[in-house]
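# Descriptive structure summary
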Amino acid sequence: MADQTHVLFVEDDDVIREATQLALERDGFVVTAMPDGLSGLEAFRADRPDIALLDVMVPGLDGVSLCRRIRDESTVPVIMLSARADSIDVVLGLEAGADDYVTKPFDGAVLVARIRAVLRRFGHASGSDRTADSEAAPVGGGVLTFGDLEIDTEGMEVLRAGQPVALTPTEMRLLLEFSSAPGTVLSRDKLLERVWDYGWGGDTRVVDVHVQRLRTKIGQDRIETVRGFGYKLKA
């Protein structure tokens, strides 16, 4: 079944790990489940999964540190699992390179929906939903230039002052949204809808952290905050 989506799931609670693994497998995913961060890192390097689900509080190597190690080696999508929506761990996970997070306890259907949304952004199919969607590029072909920033919307490459800029797929999609409407303010809710594929209200911290990560790579002053409204790319 080589065409199935492979999920790495790192969770130290035996009941949650086993129940979630069974639920994901029923939805057509192949799941490698590990009880701690060190075994999770080994499994990631051995199996190269399509997506990683990492609980924040796992022994050996915590989820945030594991996310950071994965991000050093790969742009594979990462979803963090946190027991508290208001926890600083959520922000730390996003700053470490996670693409999204889900709060525990979670509904299995919601988790599957979030996994599929992330996979669509990354151009992967997702479990039994594999044939349902195809991803459309948010911007047409060509090279867009903003000061010393060059964005190749066909080759999906970014240069700053002639030097390549390494972006995760989520960061690239965020930049493409901004570059498709330079000078136009995009609200956090609109960015959640367009970049994170949320058909419902989401946590805008996801947007804020990703914008800050993007700024560190393309220039702090390139994306402007419009207080009370959102963000815009300086034309």
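Preceding this paragraph is the structure being described.
Just so we're clear, the structure is a prediction, and the values are computed from it rather than from any experiment.

Relative to strand β8 (residues 157–160), strand β7 (residues 149–152) runs antiparallel, the two sharing 4 bridges. Bridge pairing in β8 places I151 opposite V158. Between the end of β7 and the start of β8, which pair antiparallel, lie 4 residues, with M156 showing a positive phi angle near 55°. By the bridge criterion, 2 bridges tie β8 to strand β9 (residues 163–164) in an arrangement that is antiparallel. Bridging from a neighbouring strand, R160 pairs with Q163 of β9.

What follows covers unusual backbone geometry. Each neighbour pair has its own omega, and for K104 with P105 the value is -5°, a cis peptide bond. We note that R48 has phi near 45°; this positive angle belongs to a residue other than glycine. Structurally, R48 can be placed in the loop between α2 (37–47) and β3 (51–55). Judged by its relative accessible area of 44%, R48 falls in the partly exposed class. Notably, A161 is not glycine yet its phi reads approximately 55°, a positive angle.

Structurally, I16 can be placed in helix α1 (residues 14–26). Taking the C-alpha atoms as reference points, I16 and K104, 88 residues apart in sequence, are found 9.9 Å from one another. With residues near it in sequence (within four places) discarded, I16 still touches F9, E11 and K104.

Among the secondary structure elements, D100 is positioned in strand β5 (residues 100–103). Engagement of the side chain of D100 in a polar contact is seen with the side chain of R114, the distance being 3.2 Å. Ignoring anything within four residues of it in the chain, the contact list for D100 reads V78, I79, M80, L94, R114, V118, W196, Y198 and V206.

So, how was this worked out
- Residues numbered from 1 in each chain as written.
- Predicted model: local features only at pLDDT ≥ 70, side-chain atom pairs only at ≥ 80, totals over all residues.
- Heavy atoms only, no water.
- Pairing = 2+ DSSP bridges.
- Helix = DSSP H or I, 4+ residues; strand = E, 2+ residues; numbered from the N terminus.
- Buried < 20%, exposed > 50% of the residue type's maximum accessible area, 1.4 Å probe, protein only.
- Contact = heavy atoms within 4.5 Å.
- Polar contact = N/O pair within 3.5 Å; in protein donor to acceptor, adjacent residues only side chain to side chain.

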